[in-house]
Each structure stands twice: as C-alpha cells, then as structure tokens.
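# Examination of the molecular architecture
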Amino acid sequence: MNALIEQRERNPLVPLVLGTCAAGIAFLPSPVYQAAAAGALLAVPCLWFVLLEPDRWLSLFFAACLLAPPLPVALGNSGPHVALGIACIGLVVGVLRAGEWRLRLDAVATRLAILFAVLVGSVAFALVYSGAAVAAGSLARVCLFGIGCYVFFYAGLGPAQRQRRLATQLFWCAAGSALFACLDFYFQWPAPAGYGPQFIWLDSGVFRRAQGVFYEASTLGNLCVFFLTMSAVALMRPRSESPVPRWAVVSAAPVLATALVLSYSRASLVTLCICVGTLFFLQKKGLSVRRWGLIAAVSMLAGGALAFVLFPGFVRGYFDRILLSAKFLFSATNGVLSGRLDSWQRLATFLIEHPWHLMFGVGYKTLPYSDVAGGPVIADNMYLSLLVETGGVGLFAFLALNAAILRAGWRARSTFYGAWIFSFWTGQTIQMLSGDLLTYWRVIPVYFWVLAQTIRTEHE
C-alpha cells in the first residue's frame, strides 16, 4: 500500500487525468455514450497490458477464436468476429518488436509465403471475371487465410516465447468449445449469430447439428479431430513432453469425441481414424504404446457412449448413415458424397471448355459467389477448388506446402509437436478431398501455431 501511495505522489497527473475523464463521462448526455466512453477508457490500459509481453495477444486471439461466437452484425456470411480486432493488435505487436524477429526461411515458411502470394494475385482475376463486389470478398478471404500465415511466422520466426503455456491454453479452450457445442446441441439454443443451415431430421424432431461457436459443423468436427489427435499423442509420448497432464486428457477426450459425433461429420470421423492410425505407425512397438493406445481408444469411445446415452436416436442415425455410406459408396457414389460428384463434374466440364483457366484460375473463393462457371458452385474439394480458382500455379503451391509440412513433421516425429502435426496433417490431406478446409480461418491459425512449434523445436 505504501508503494502505491508513493507511486501516486510521484505521478500526480495519473489520478488527475482519471478523475477528469470520469467527470467528463458523467456529463455525457446518454448512458450509451457513457458506456462507450468508459469502454474506450478501459481499453487503453488493457491494450498496454497486451503490448507488454509478446505472447499475450496470441492467448487472447486463440481464446476468442475457439470460445467466442461472431458478433450479431449483418456483415459477410456469419458476421464480424472479435478475433479480427485482436489479430490487428498482433500486427502492431509484431511491428513494435521488429528487432526480435529471426529471419530463417525454411521450406515450410517459403512455400507458405508463396501460396499466400498466389492467393493475393488471384484477386486480380476475380476482379476481371466476377466484378468488384466478388473480388472484394475474395480479398477478404485471402486476408482471413493470411491471419493463419502471420501466426505461423510470428510463432516460428518472431518474438513468441511461451510454447508450453499456450499449448495448455489451447487444449482447455478446445475442450470448453466442445463442451459448449454439446450443450448447445442438447438445448438447441438459438444461434448467436449467422450460421450455416445444417439440420438433422429424426423421428423425434428436427435438430441443428452441433457447431458450437463456429459458422458450421465441419469446423467443429475438424477441431475435435485435431485435439483428439493431441490427446492420443499425449497418452503415447513420455509424460514430461505433454503440456497437459494425463488426467486432463482422459477427462476431456470424451467431451471432444462427443462433440465430434454430434457434429454429424463423416469426413472428420474418417480423418480421426487416419490420424490415430498414423500415430500408431510412428510409435515404436511396446507395452507403453499398447497401454496408452488402449486408454486413448477407451477415452474416445467413452465420448460415443456418452452421446448414445444422451441422444440415442441421433447416435443410431449417425452410425446408420456411416454404414449406409460404406455400403453404397460404389453403387450410389454421388448420393453418398452429398451430390459432390455433380459439382466436380460441372467444374471439370468448365475447365475443359475454358482450358486457359488452368494456368491462373478465376480468383480465390469466387466459385460459390459468382456465375463465372455458369452459376454458383461449391466445390467441397480443396484441390479442385484451388485448381479452378487459382489455376495450376495455386494447386502446385498448395501441394508443395503440404509436402513440406509432412516432411517437417516426419523429421520431428520423435518430438511431441512433430508427432502431433504429422499425424493430423496426414488425415487433413485426405479430408481436403471433401472440404475447403483452408476457409476454416478460426482454426487454421491453431494448426499453424503447432506447425511453427514443430519447426522451432527442430532448429533449437
């Protein structure tokens, strides 16, 4: 207390300024203006607090991405998000700490930068073929992907420091997001902002698929796969390597597995099987692998059992859907793939009739919002989408990036982050055949942060 008194005596202007601001706020004509002014005044010390350490904005950014819904404002598909403002603060932090960056471009960093440059360049083709409004949307989506790129460079080459602490925070934020998604599905709360209209028709009624705070359910499913893979790695690797204790992993894995089931995503479930299978391939055979592998399997199956107890009709319908998909995969492929074959055939026909687009494409993320292909088309295939929208140049850059990520994970497979990113990205490359996963801008930065830790660990 004496120290505070001495500090106040040495800085008499501080209480004077605060008192003047408080008096000014009190004289504002409306409570709305008063609240806005008070918020602006409070934002100054909060911003200063964030700027003091290099990792604080990352903590806030990840918490906002995984736990906060979009703002209820009619802008874009789902509305603006508070994470965008925090990302802007992160740019300021990176500029202020420019002297702490370490310029070391490896294969992953170089190819990620090339892919981002190709996406930026494709905006010009969006302007030519689809007009200014669609080109503006294309540029906005390129910038959203650019946030993940910036997180990678900041965490891998910039001043970021507290890897273990951030990994722990990410795990708990993901578990909290999955728990909210389960509760949201059970109570069917009104969506807090814009969302994709994804529903399930059961005998007991019509239900919105579990999506939590995200725009659509596939993002939630993909996130759950990522952290279920982390859970499996934590149980199979030495205890000292995991940023999360095993009791927490075993407790949270059923929640993540339940959210995955409730998301009703078949592709995510297949991806999880590929990720866990890849992880078992990486580990040496032995009692510990079998033991912790069994615990991982039991923990994940517990999520399915929990979902069955709470939502028996839903779980039966979900697994019936999976069995029917396997049964009719070859005899009714288009129906199993939810009409994707029609979209792919349509895009293939477009490329055959307009082969010059094979070089540079028609502009990133323009197909669903323009008539350049004869009408709006959702590719639901990351590779085909990039081929049509960014041409062979963009597809080659993306394939080169995937190869670099897998190679970096393979080289670091003996480490926690290396085993995690290699196992997950192996499944991710397969799931990209049925989804435009680069558009999941709120979870891509999380994946790229783990990728950055893999690269950073390899060079240290």
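Residues numbered from 1 in each chain as written. Predicted model: local features only at pLDDT ≥ 70, side-chain atom pairs only at ≥ 80, totals over all residues. Heavy atoms only, no water.

The next thing to look at is the overall build of the chain. When its secondary structure is counted, the chain shows 19 helices and two strands. For the chain, the proportion of its 460 residues judged to be buried stands at 50%. Across the chain, every contact between residues at least 6 apart in sequence was considered, and the portion connecting residues at least 24 apart equals 76%. Split by element, the accessible area of the chain, about 21400 Å² in all, is 71% carbon and sulfur. (Helix = DSSP H or I, 4+ residues; strand = E, 2+ residues; numbered from the N terminus. Buried < 20%, exposed > 50% of the residue type's maximum accessible area, 1.4 Å probe, protein only. Contact = heavy atoms within 4.5 Å. Areas by Shrake-Rupley, 256 points an atom, 1.4 Å probe, with all protein chains shown as cover.)

A word on the packing of aromatic side chains. Throughout the structure, instances matching the rule amount to 30 aromatic pairs. A ring pair is formed by F424 and W425, whose centres lie 6.3 Å apart and whose planes are at 65°; its orientation type is edge-to-face. Looking at W425, the relative accessible area reads 2%, which means it is buried. Geometry around W410 places R413 over its ring, the cationic atom sitting 3.9 Å from the centre. (Phe/Tyr/Trp six-rings, centres within 6.5 Å; stacked < 30°, edge-to-face > 60°. Lys NZ or Arg CZ within 6 Å of the ring centre and 35° of its normal.)

Turning our eyes to something else, we now look at the pattern of salt bridges. Applying the stated rule across the entire model yields five salt bridges. As a salt-bridge pair, E53 and R56 come within 3.2 Å of each other at their nearest N and O atoms. Note that R237 and E241 form a salt bridge whose closest N and O atoms lie 3.0 Å from each other. Exposure remark for R237: the relative accessible area of 10% places this residue in the buried category. For E241, a relative accessible area of 28% puts it in the partly exposed group. (Salt bridge = Lys/Arg side-chain N within 4 Å of Asp/Glu carboxyl O.)

Now for the side chain of N402. Tracing the sequence through the fold places N402 in helix α17 (residues 382-411). Residues in contact with N402, not counting those within four places in the same chain, are Y383, W425, T429 and M432.

With that settled, consider the packing of helix α5 (residues 82-96) against helix α7 (residues 132-157). Running from N to C, α5 and α7 cross one another at 40°; their axes reach a closest spacing of 11 Å. On the basis of the axis angle, α5 is oblique to α7. α7 is crossed by α5, and the crossing has left-handed handedness. In contact with L84, A87, G90, L91, V93 and G94 of α5, α7 contributes L144, I147, Y150 and Y154. (Axes fitted to C-alpha atoms, helices over the stretch in contact; angles between N-to-C directions. Parallel < 35°, antiparallel > 145°, perpendicular 65-115°, else oblique. Left-handed = near helix turned anticlockwise from the far one by under 90°.)

What follows deals with the packing of α17 against helix α18 (residues 416-431). Orientation of α17 relative to α18, taken along the N-to-C sense of each, is 150°, at an axis distance of 9 Å. One element, α17, and the other, α18, form an angle in the roughly antiparallel class. Our pair here, α17 against α18, has a crossing hand that is left-handed. Residues Y383, N402, I405, L406, G409 and W410 of α17 form the contact with α18, whose participating residues are G418, I421, F422, W425, T426 and T429.

What follows covers the nonpolar core. Among the nonpolar cores identified, the biggest contains 120 residues, and W57, F61, F152, F227 and W449 are the most heavily contacted of them. Leave out the neighbours within four places in its chain, and F152 touches V108, A109, L112, L157, F448, L451, A452 and I455. (Core = buried A, V, L, I, M, F, W, Y, C linked by side-chain atoms within 4.5 Å.)

Another aspect to go through is the environment of L256. Mapping L256 onto the fold places it in helix α10 (residues 246-262). For L256, a relative accessible area of 2% puts it in the buried group. Each C-alpha atom, one on L256 and one on V225, is 8.0 Å from the other, the two residues being 31 residues apart in sequence. Filtering out sequence-adjacent residues up to four positions away, L256 remains in contact with A174, A175, A178, C224, F227, L228 and S231.

Let's shift gears to the environment of L223. Mapped onto the secondary structure, L223 falls in helix α9 (residues 217-236). Spatially, the C-alpha atom of L223 lies 9.1 Å from that of V446, the residues being 223 residues apart in sequence. Leaving out residues up to four positions away in the same chain, L223 has contacts with L66, S177, F214, V443 and Y447.

Right, let's talk about α9 for a bit. Between the first and last C-alpha of α9 there are 29 Å, a value that for 20 residues agrees with the 28 Å anticipated at 1.5 Å per step. Of all 20 residues in α9, 20 are buried, a share of seventy percent or more. (Expected span 1.5 Å × (residues − 1).)

It is worth spelling out the environment of T457 at this point. Within the secondary structure, T457 sits in helix α19 (residues 444-459). As a C-alpha pair, T457 and Y417 span 40 residues in sequence and 8.2 Å in three-dimensional space. Sequence-distant contacts of T457, defined by excluding residues within four places in its chain, comprise T415 and Y417.

Confidence along the chain averages 81 in pLDDT terms, with 73% of residues attaining 70 or more. Predicted confidence is poor over residues 1-9, with pLDDT under 50, and the contacts of this stretch with residues over four places away or in other chains come to one contact. (pLDDT = per-residue confidence, 0-100.)

With 30 residues, α17 extends only 26 Å from end C-alpha to end C-alpha; this falls clearly short of the ideal 44 Å at 1.5 Å per step. A maximum bend of about 135° is found in α17 at T390. In terms of residue burial, α17 counts as a mostly covered element, since 21 of its 30 residues are buried. By the N-cap criterion, in which a side-chain oxygen at the helix start approaches the backbone nitrogen of a residue two or three places on, α17 is capped by N381, the distance to Y383 being 3.0 Å. (Bend = angle between axes of the 7 residues up to and from the residue. Polar contact = N/O pair within 3.5 Å; in protein donor to acceptor, adjacent residues only side chain to side chain.)

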